[in-house]
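# Residue-level structural notes
Spelled out, the chains give:
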Amino acid sequence: INAEYMGATKDLQRRELKETGPKKYEGLPAKVMIGEDCTVGVDFESQEAVTIKASSVLGNGCKIGTNVRIMNSILMDGVTVGDNCQITNCIIASSRQRPTVVGPRCILKDCQVEAGHKIPERTDTKEEQLICDTEWGEESPLRD
């Protein structure tokens, strides 16, 4: 992923989150670590054993499963991440009309994911652009 694009996207997302309200970290389960250089939107939900580091930005309403690690990534509003996932250097788009779901046990590195994707369980991929070329709500054509 182009570093300049990643930086500009993070800055834009941070500005958007500042306009929508304060960070809401209270009430999170045990072992949820959010780095000081990270930004998390309102209505963020997380299970236990979650690490968010390295300037990651999570939009409003993101839902994160148990034992998830997110590093240097951007997750737009409403992304859902299943249990036991690793997301590194990724941009994952989503919207209320086309939410994106990352299935359990996925490993994504250096990927761009278009809104509306449903990434299947145990997907392990890097340097991919996951574009929806199917009807919304269908699983991604990407397979192990």
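Everything discussed here concerns the structure shown above.
Residues numbered from 1 in each chain as written. Predicted model: local features only at pLDDT ≥ 70, side-chain atom pairs only at ≥ 80, totals over all residues. Heavy atoms only, no water.

To continue, consider the layout of surface pockets. Empty space within the largest pocket amounts to approximately 160 Å³. Lining of the largest pocket is provided by Val42, Asp43, Asn60, Gly61, Asp77, Gly78, Ser95, Arg96 and Pro99. Its residues assigned to classes, the lining of the largest pocket shows 2 nonpolar, 4 polar and 3 charged. (1 Å grid on protein atoms, 1.4 Å probe; cavity = no way out; pocket = protein on both sides within 12 Å on 5 of 7 lines; lining within 4 Å. Points joined across faces, edges and corners; volume = space filled by probe spheres on them. Nonpolar A, V, L, I, M, F, W, Y, C, P; charged D, E, K, R; others polar.)

One non-glycine residue, aspartate 43, lies in the positive phi region at around 60°. Given the relative accessible area of 45%, aspartate 43 is considered partly exposed. Of note in this structure, asparagine 67 is not a glycine but carries a positive phi near 60°. Within the secondary structure, asparagine 67 sits in the loop between strand E6 (63-64) and strand E7 (68-71). (Buried < 20%, exposed > 50% of the residue type's maximum accessible area, 1.4 Å probe, protein only. Helix = DSSP H or I, 4+ residues; strand = E, 2+ residues; numbered from the N terminus.)

The sheet built from 5 strands is open, its strands ordered E3-E6-E9-E12-E15 with parallel pairing. Strands with a single pairing partner mark the edges of an open sheet, and in this sheet they are strand E3 (45-46) and strand E15 (118-119). Where E3 and E6 come together, 2 bridges link them in parallel fashion. Paired with glutamate 45 across the bridge in E6 is lysine 63. (Pairing = 2+ DSSP bridges.)

Ordered in space as E2-E5-E8-E11-E14-E17, the 6 strands form an open sheet in which the pairing is parallel. The open sheet has two edge strands, strand E2 (39-40) and strand E17 (129-130), and neither has a second partner. As paired strands, strand E8 (residues 74-75) and strand E11 (residues 91-92) are joined by 2 bridges and run parallel to one another. From the neighbouring strand, isoleucine 74 faces E11, where its bridge partner is isoleucine 91.

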